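Overview (structure and organization)
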Amino acid sequence: MALLVRVLRNQTSISQWVPVCSRLVPVSLSQGQWGRTLSGTSQKIKIAALRMYTSCVEKTDFEEFFLRCQMPDTFNSWFLITLLHVWMCLVRMKQEGRSGKYMCRIIVHFMWEDVEQRGRVMGVNSYVLKKNMILMTNNFYAAILGYDEGILSDDHGLAAALWRTFFNQKCEDPRQLELLVEYVRKQMQYLDSMNGEDLLLTGEVNWRPLVEKNPQSILKPHAPTYNDEGL
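This section reports on the structure supplied with the text.

Each value, and the rule that gives it
Residues numbered from 1 in each chain as written. Predicted model: local features only at pLDDT ≥ 70, side-chain atom pairs only at ≥ 80, totals over all residues. Heavy atoms only, no water. Phe/Tyr/Trp six-rings, centres within 6.5 Å; stacked < 30°, edge-to-face > 60°. Helix = DSSP H or I, 4+ residues; strand = E, 2+ residues; numbered from the N terminus. Buried < 20%, exposed > 50% of the residue type's maximum accessible area, 1.4 Å probe, protein only. Lys NZ or Arg CZ within 6 Å of the ring centre and 35° of its normal. Axes fitted to C-alpha atoms, helices over the stretch in contact; angles between N-to-C directions. Parallel < 35°, antiparallel > 145°, perpendicular 65-115°, else oblique. Left-handed = near helix turned anticlockwise from the far one by under 90°. Contact = heavy atoms within 4.5 Å. Nonpolar A, V, L, I, M, F, W, Y, C, P; charged D, E, K, R; others polar. Expected span 1.5 Å × (residues − 1). 1 Å grid on protein atoms, 1.4 Å probe; cavity = no way out; pocket = protein on both sides within 12 Å on 5 of 7 lines; lining within 4 Å. Points joined across faces, edges and corners; volume = space filled by probe spheres on them. Core = buried A, V, L, I, M, F, W, Y, C linked by side-chain atoms within 4.5 Å. Salt bridge = Lys/Arg side-chain N within 4 Å of Asp/Glu carboxyl O. Polar contact = N/O pair within 3.5 Å; in protein donor to acceptor, adjacent residues only side chain to side chain.

Enumeration over the complete set of coordinates arrives at nine aromatic pairs. Taking 6.2 Å as the distance between ring centres and 55° as the angle between the ring planes, the aromatic pair formed by Phe 65 and Phe 166 counts as tilted. With a gap of 101 residues between them, Phe 65 in helix α6 (residues 62–68) and Phe 166 in the loop between α10 (155–165) and α11 (174–192) connect regions that are remote in the sequence. The burial state of Phe 65 is the same as that of Phe 166; both residues are buried. Centroid distance Phe 65 to Tyr 183: 5.3 Å. Interplanar angle 85°. Geometry classified as edge-to-face. With a gap of 118 residues between them, Phe 65 in helix α6 and Tyr 183 in helix α11 connect regions that are remote in the sequence. What links up through ring pairs into an aromatic cluster is the set Phe 65, Phe 166, Phe 167 and Tyr 183. Over the aromatic face of Tyr 190 sits the side chain of Arg 208, whose NZ or CZ is 5.3 Å from the ring centroid.

Put into structure tokens, the structure is as follows:
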């Protein structure tokens, strides 16, 4: 296993995040009726959001992406892969009304907290880290917009979005673009087949492999397990 992946994966876990969940995301939203409506379930949604974000960084085979997409084993490559999976989660959860949109906000919040923490663990200078965080934030929202347009387009449009953002306009092998387009399409199909209420309760996502060994198994997600607290 690559050194960077070992370092990154060892820094994020449910046990590390849950105790500071309330501190990172205040319970009181102060958003009028929306905040009052969600107040009874917001804590459950926060934990589900944490689990969903964690699935993006712990259940993704980064090494396979590095290998098949010929990406360097760097922090930036990790971020690009994570961003792609976070975006797919956001697309899915936006379909679940106000609760889903609230969950999207929490997922993004956890992502930035995680990115900053990982940068510190890797010894990045605080000034450089702050500067990079601003750049990454701008790139994130540009990527979200591009991916949103791509997913609503045909495969050529999605390929163009992936080429601009995921490959940073440097992919010369059309097979890599084809692989990523197929990957995104099947992941979105798989996520859409999952029950929205289950996702809001558990946040559990098991990603399909980059290269599918059994394509016929795509649309059979396992039913999640949770107790009456949604955990």
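From this point on, the discussion continues.
Two elements in contact, helix α5 (residues 42–58) and helix α8 (residues 97–121), have axes whose closest approach is 8 Å; the angle formed by their N-to-C orientations is 50°. As the angle between them shows, α5 and α8 are arranged oblique. α5 and α8 meet at a crossing whose hand is right-handed. The residues of α8 that touch α5, namely those facing Ser 42, Ile 45, Lys 46, Ala 48, Ala 49, Leu 50, Met 52, Tyr 53 and Val 57, are Ser 99, Tyr 102, Met 103, Ile 106, Ile 107, Phe 110, Met 111, Asp 114 and Arg 118. Grouping the constituent residues of the contact of α5 with α8 by class yields 13 nonpolar, two polar and three charged.

Before going further, it helps to examine unusual backbone geometry. Positive phi values are uncommon outside glycine, yet Asn 168 reaches one of about 55°. With respect to the secondary-structure elements, Asn 168 resides in the loop between α10 and α11.

Here we come to helix α7 (residues 75–93). For α7, which comprises 19 residues, the first-to-last C-alpha distance of 27 Å matches the rise-based estimate of 27 Å (1.5 Å per residue) to within 8%. The element α7 is largely enclosed, with a buried count of 18 among its 19 residues.

This part is about the layout of surface pockets. Reported here for the largest pocket is a volume of approximately 430 Å³. Asn 76, Phe 79, Leu 135, Met 136 and Asn 139 are, among the 19 residues lining the largest pocket, the residues nearest its centre. Only α7, α8, α9 (126–151) and α10 provide two or more residues apiece to the lining of the largest pocket. Residues belonging to the lining of the largest pocket are distributed by class as follows: 12 nonpolar, six polar and one charged.

Another aspect to go through is the nonpolar core. Ranked by internal contacts, the top residues of the largest apolar core, which has 67 residues, are Leu 162 and Phe 166. Counting only elements with at least two residues in this core, the list comes to α5, α6, α7, α8, α9, α10, α11 and α12 (196–202). Examining the composition of this core, we find that 14 residues originate from one element, α7, more than from any other. Setting aside its immediate chain neighbours within four residues, Leu 162 contacts Leu 84, Tyr 147, Phe 167, Leu 177, Leu 180, Val 181 and Val 184.

What the rule picks out here adds up to 10 salt bridges. Three or more residues are tied together by salt bridges with common partners; here these are Arg 51, Lys 59 and Glu 204.

The next point concerns the environment of Asn 125. By the secondary structure assignment, Asn 125 is in the loop between α8 and α9. Using a relative accessible area of 44% as the deciding quantity, one classes Asn 125 as partly exposed. A distance of 2.8 Å separates the side chain of Asn 125 from the backbone nitrogen of Tyr 127, its partner in a polar contact.

All right, on to α9 then. What sets the pattern is the α-helix's 3.6 residues per turn: residues three or four places apart point alike. Compared with an ideal rise of 1.5 Å per residue, which puts 26 residues at 38 Å, α9 spans 36 Å between its outermost C-alpha atoms and is within 8% of the ideal. Listed as buried for α9 are Leu 129, Met 133, Met 136, Phe 140, Ala 143, Ile 144, Gly 146, Tyr 147, Gly 150 and Ile 151. Buried residues in α9 make contact with α7, α8, α10 and α11. Two or three places before Tyr 127, at the start of α9, stands the capping residue Asn 125, its side-chain oxygen 2.8 Å from that residue's backbone nitrogen.

This paragraph deals with the environment of Phe 140. Along the chain, Phe 140 falls in helix α9. C-alpha separation for the pair Phe 140 and Leu 83, spaced 57 residues apart in sequence, amounts to 7.3 Å. Phe 140 has contacts with Leu 83, Leu 90, Val 108, Met 111 and Trp 112, leaving out every residue within four places of it along the chain.

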